[in-house]
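# Structural overview
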Amino acid sequence: QLQFVQSGGGVVQPGGSLRLSCKGSGFNFDYFAVGWLRQAPGKEREKVSCISSVDGSTTYADSVKGRFTITRDNALKTAYLQMNNLRPEDTAIYYCAAAGSCQLPLGAWGQGTQVTVSG
């Protein structure tokens, strides 16, 4: 009974910021890598970022590098995606998901949250 519950989506103007949260339950959170993915209409799914379970190392898609930061708080069983300098092309449904490592396919997705960047 592994699940993620997401929060923090919304509408923001270009150049603004949002922070997404992803809280896990039903599993040992600190044993799993957590990734963020996004899906926009007419576009292919994109893996945005991932943070490992072992050493906390992070990866980012080129499209968000330097603007987004992924973190985790194992005591709270929560991962975060801080999104700064948002652009209209960042508009998408954002999902968090777990994997054994950041090199493996992500599964056990959260419910998704809409991020809309519009001026």
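Above this note sits the structure.
The following refers to the structure shown. (Residues numbered from 1 in each chain as written. Predicted model: local features only at pLDDT ≥ 70, side-chain atom pairs only at ≥ 80, totals over all residues. Heavy atoms only, no water.)

### Some details on the overall build of the chain
A count of helical and extended segments in the chain gives zero helices and ten strands. Counting helices and strands in the order they occur from the N terminus, the chain gives β-β-β-β-β-β-β-β-β-β. The C-alpha radius of gyration of the chain comes to 13 Å, within 12% of the 14 Å expected for a compact globule of 119 residues. Over its C-alpha atoms, taken along the principal directions, the chain stretches across nearly 40 × 25 × 25 Å. In the chain, buried positions account for 43% of the 119 residues. For the chain, contacts bridging at least 24 residues in sequence account for 55% of all contacts bridging at least 6. Total accessible area on the chain stands at roughly 6100 Å², and carbon and sulfur atoms take up 50% of it. (Helix = DSSP H or I, 4+ residues; strand = E, 2+ residues; numbered from the N terminus. Rg over C-alpha atoms; globule rule 2.2 N^0.38 Å. Buried < 20%, exposed > 50% of the residue type's maximum accessible area, 1.4 Å probe, protein only. Contact = heavy atoms within 4.5 Å. Areas by Shrake-Rupley, 256 points an atom, 1.4 Å probe, with all protein chains shown as cover.)

### Some thoughts on the nonpolar core
Among the nonpolar cores identified, the biggest contains 26 residues, and Phe4, Trp36, Phe68, Leu81, Met83 and Tyr94 are the most heavily contacted of them. It is strand E9 (residues 92-99) that provides the largest number of residues to this core, a total of four residues. In this view, phenylalanine 4 contacts Cys22, Lys23, Gly24, Phe27, Phe29, Val34, Cys96, Ala97, Ala98, Ala108, Gly110 and Gln111; residues no more than four positions away in its chain are not counted. (Core = buried A, V, L, I, M, F, W, Y, C linked by side-chain atoms within 4.5 Å.)

### Details of the sheet that holds strand E5 (residues 46-51)
Here six strands make up an open sheet; going across it, the order is E2-E10-E9-E4-E5-E6 and the pairing mixed. Of all strands in the sheet, those with a lone pairing partner are strand E2 (10-12) and strand E6 (58-60), marking the two edges. Strand after strand, the sheet turns through a mean of 25 degrees between neighbouring axes, direction not considered. Here E5 pairs with E6 via three bridges, running antiparallel. Its bridge partner being in E6, serine 49 is matched across the sheet by tyrosine 60. (Pairing = 2+ DSSP bridges. Axes fitted to C-alpha atoms, helices over the stretch in contact; angles between N-to-C directions.)

### Side note on the sheet that holds strand E1 (residues 3-7)
Spatially, E1-E3-E8-E7 is the arrangement adopted by the four strands of the open sheet, whose pairing is antiparallel. The open sheet terminates on both sides in strands that have one partner only, identified here as E1 and strand E7 (68-73). Ignoring strand direction, the axes of neighbouring strands in this sheet form an average angle of 20 degrees. Here strand E3 (residues 18-25) runs beside strand E8 (residues 78-83); their pairing, made up of six bridges, is antiparallel. If you follow arginine 19 over to E8, its bridge partner there is glutamine 82.

### Here we look at the state of the cysteines
Under the definition given, this model contains two disulfides. There is a disulfide in this structure between cysteine 22 and cysteine 96, and the S-S distance comes to 1.8 Å. Its torsion about the S-S bond being 70 degrees, the disulfide of cysteine 22 and cysteine 96 is classed as right-handed. On the criterion of sequence distance, the pair formed by cysteine 22 in strand E3 and cysteine 96 in strand E9 is long-range, its members being 74 residues apart. (Disulfide = S-S within 2.5 Å.)

### What about the packing of aromatic side chains?
A full pass over the atoms with the stated rule returns four aromatic pairs. Note on phenylalanine 4 and phenylalanine 27: the rings are 5.5 Å apart at their centroids and 85 degrees apart in plane angle, and the pair reads as edge-to-face. Here phenylalanine 4, found in strand E1, pairs with phenylalanine 27, found in the loop between E3 and strand E4 (33-39); they are 23 residues apart in sequence, far enough to count as distant. Phenylalanine 27 matches phenylalanine 4 in its accessibility class, with the two residues each being buried. On the numbers, 6.1 Å between centres and 45 degrees between planes, the contact of phenylalanine 27 with phenylalanine 29 is tilted. With relative accessibility at 13%, the residue phenylalanine 27 sits in the buried group. Residue class for phenylalanine 29 comes out buried when judged on its relative accessible area of 1%. (Phe/Tyr/Trp six-rings, centres within 6.5 Å; stacked < 30°, edge-to-face > 60°.)

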